[in-house]
Amino acid sequence: MSLREMQSALAAVFTESDARERLATNANTLARKYGLNARDLQQLNALSTAAIATYVETLVRKRRGEAARYLPRTQRELGRGFVQAFDTWARSTTTPPGRHAALKDAVAFCRHARHDRTLLPKQREAVRSDLREAIAFVRRTWFVPRG
Amino acid sequence: MEAEGAFLGAGISLRRRHLADAIVHPEAVDFVEIVADHYFAGDARTRNELGAIRERFTVVPHGLDLSLGSAEGISDRYVRRLKSVIEAVDAPYWSEHVAFTHAGGRHIGHLAPLPMTFEAVDVLAANLERVRKKIDRPLILENIACSFDIPYSDMDEPAFLANLVERTNCGLLLDVANLYYNALNRGLDPHAVLAAFPLDAVVQCHLAGGHRAKGEWIDSHAFPVPEAVWQLFEEVVRRAPRLRAALVERDENLPPYAELASEAARARAIMTSPRTLAMGRAS
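Since the structure is predicted, the reported quantities are computational estimates derived from the model, not experimental observations.

Secondary structure summary: chain B contains 10 helices and 12 strands in total. Along the first, second and third principal axes, the C-alpha atoms of chain B reach 50 × 45 × 40 Å. The 283 residues of chain B split such that 50% are buried. Here the contacts in chain B between residues at least 6 apart in sequence split such that 77% fall between residues at least 24 apart.

Have a look at this one:
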């Protein structure tokens, strides 16, 4: 087996809904894209979609747990609604590339949620406050996100 | 074996929300584990926090994102940051996972399982060698929680870890909850899986409680350690001659510090119980 190619394909399947769709409908295109040999493809195909779905949910949960460190006011103001709001958003987005994913996730979630009209004004203000803090944190440290 | 040493006792994974209480009552636990990645910023706040923790506790840094199992190698920058945290707290040893977290330019954001193959052992050993050249503190490696295996592996997880230990002389961090929930999710007997585990190499244990959702057990670190995990831990204490530390992990539904410390006290009682130790000597 070629571990490097297999890991690249797995990383795509775990983090991108497009890659999961391709695995389910036309695995050969996925194999070509990642340079998988026949045995690699056989391995990928043998992964159950339920197992991958469970892993993806765990990943969403993990992203929420890590990003939540930068979102104290948002968590407090949204209460139990924070879990649903973050998870719904995370399922429709790709895990940020590179390091500092939690901070990137926190910033991206805030940028999305600050315009969410289903939130109360004080909840949106909490989101904006956390966004300001997260960006200030970025500026205080070494890392400047793009976009 | 690396990371062998004096008895460290029972601790907790220290989270920021418990920091104030922990600083006032350091006597409640024997040591703490910190997530190394949370202290990479190197700003005044994190430096002060590390200093305050270091003054009061023996600290074991726990890495999340080294990606030791990545076939494309590991990040030197990440290793440098790890090293700075490990040295800042003068850690007796540190820990990471048998997993990969990035590949092909993608950051997965979570520990992903490796195929249990000889090629994966080679990759882990090569990456470990590279880390050892930069960080001169012993590293112990943790079994991860995952509800599935990569198909067509060469061996099962206990054999894979035994191979890894033999190849690298690394100690192991046995996450008892991970072993328990992985076994349940695969329809296996956790005690049988534990019996096959290379317990001779276990230096430290993690204890945590998870929950069941949509038919799967999830190691969510959201609940107290369940009785079944405590029972497995007692078995580990009896059979792991190099075990020097155990700690309770909690990441969600964070209880008061005192409640976590009382779970750590239970772990300490098990580790030091004459009955448990006598049964270990007799077996």
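Next comes the rest of the account.
Right, let's get into the interface of chain A and chain B. Counting from both sides, the interface comprises 30 residues of chain A and, opposite them, 30 residues of chain B. If you list the elements that add at least two residues to the side of chain A that touches chain B, you get α1 (3–15), α4 (38–46) and α5 (49–67) of chain A. Looking at side-chain class alone, the side of chain A that touches chain B contains 14 nonpolar, 11 polar and five charged residues.

With that out of the way, let us pick up the environment of Ala183(B). Residue and element names in this part refer to chain B. Relative to the helices and strands, alanine 183 resides in helix α6 (residues 176–185). The exposure class assigned to alanine 183 is partly exposed, which follows from the 19 C-beta atoms found within 10 Å. Each C-alpha atom, one on alanine 183 and one on tryptophan 217, is 9.6 Å from the other, the two residues being 34 residues apart in sequence. Not counting the four nearest positions on each side in its chain, alanine 183 is found in contact with Leu188, Asp189, Pro190 and Val193.

Right, let's talk about the packing of α5(A) against helix α8 (residues 101–113) of chain A for a bit. All names here are of chain A. Put simply, α5 and α8 touch, their axes get as near as 8 Å, and they point 85° apart. With respect to α8, the axis of α5 lies roughly perpendicular. Note on element contacts: α8 touches α5 through Ala102, Asp105, Ala106 and Phe109, opposite Arg63, Glu66 and Ala67. Looking at side-chain class alone, the contact of α5 with α8 contains four nonpolar, no polar and three charged residues.

All names here are of chain A. Structurally, the position occupied by glutamine 123 is in helix α9 (residues 121–140). Separated by 98 residues in sequence, glutamine 123 and threonine 25 place their C-alpha atoms 41 Å apart. Apart from residues no more than four positions distant in its own chain, glutamine 123 is found in contact with Glu77 and Leu78.

What follows covers the pairing of strand β3 (residues 58–62) of chain B. All names here are of chain B. Burial of β3 is extensive: four of the five residues sit out of reach of the surface. The sheet contact formed by strand β2 (residues 31–35) and β3 spans five bridges and is parallel. Looking across to β3, one finds that isoleucine 34 is bridged to proline 61.

The next point concerns the nonpolar core. If you look at the biggest cluster of nonpolar residues, it comprises 129 residues, and the most contacted ones within it are Ala106(A), Val32(B), Val176(B), Leu207(B), Phe233(B) and Val236(B). Formed jointly, this core draws a minimum of three residues from each of two domains, domain 1 (3–47) and domain 2 (59–140) of chain A. Look past the residues within four positions of Val176(B) in its chain and what remains in contact with it is Cys205(B), His206(B), Leu207(B), Val229(B), Leu232(B), Phe233(B) and Val236(B).

Definitions and limits used
Throughout, a residue's number is its position along its own chain's written sequence, starting from 1. Starting at A for chains and at 1 for ligands, labels are handed out in the order in which the entities are written. Where totals are concerned, whole chains, interfaces and linings use all residues; where local detail is concerned, this predicted model gives features only for residues with pLDDT of at least 70, and gives and counts side-chain atom pairs only at 80 or more. The secondary structure listing takes helices from DSSP runs of H or I that are at least 4 residues long and strands from runs of E that are at least 2 residues long, numbered from the N terminus. Burial is judged by counting other C-beta atoms within 10 Å of a residue's own C-beta: 20 or more means buried, 12 or fewer means exposed, and anything between counts as partly exposed, with every C-beta placed from the backbone. Each residue is represented by a C-beta atom placed from its backbone, and any two residues with such atoms within 7 Å are regarded as in contact. Each residue gets one label: Ala, Val, Leu, Ile, Met, Phe, Trp, Tyr, Cys and Pro are nonpolar, Asp, Glu, Lys and Arg are charged, and the others, such as Gly, are polar. Helix axes use the C-alpha atoms of the stretch in contact, all axes being lines fitted to C-alpha atoms, and the angles between their N-to-C directions lie in the range 0 to 180 degrees. Roughly parallel refers to an angle under 35 degrees, roughly antiparallel to one over 145, roughly perpendicular to one between 65 and 115, and oblique to any angle outside these ranges. The pairing criterion is simple: DSSP has to find at least two bridges between the two strands. In these notes, a nonpolar core means any group of buried Ala, Val, Leu, Ile, Met, Phe, Trp, Tyr and Cys residues linked to one another through C-beta atoms within 7 Å. Domain extents, as shown, originate in an automatic or database domain assignment.

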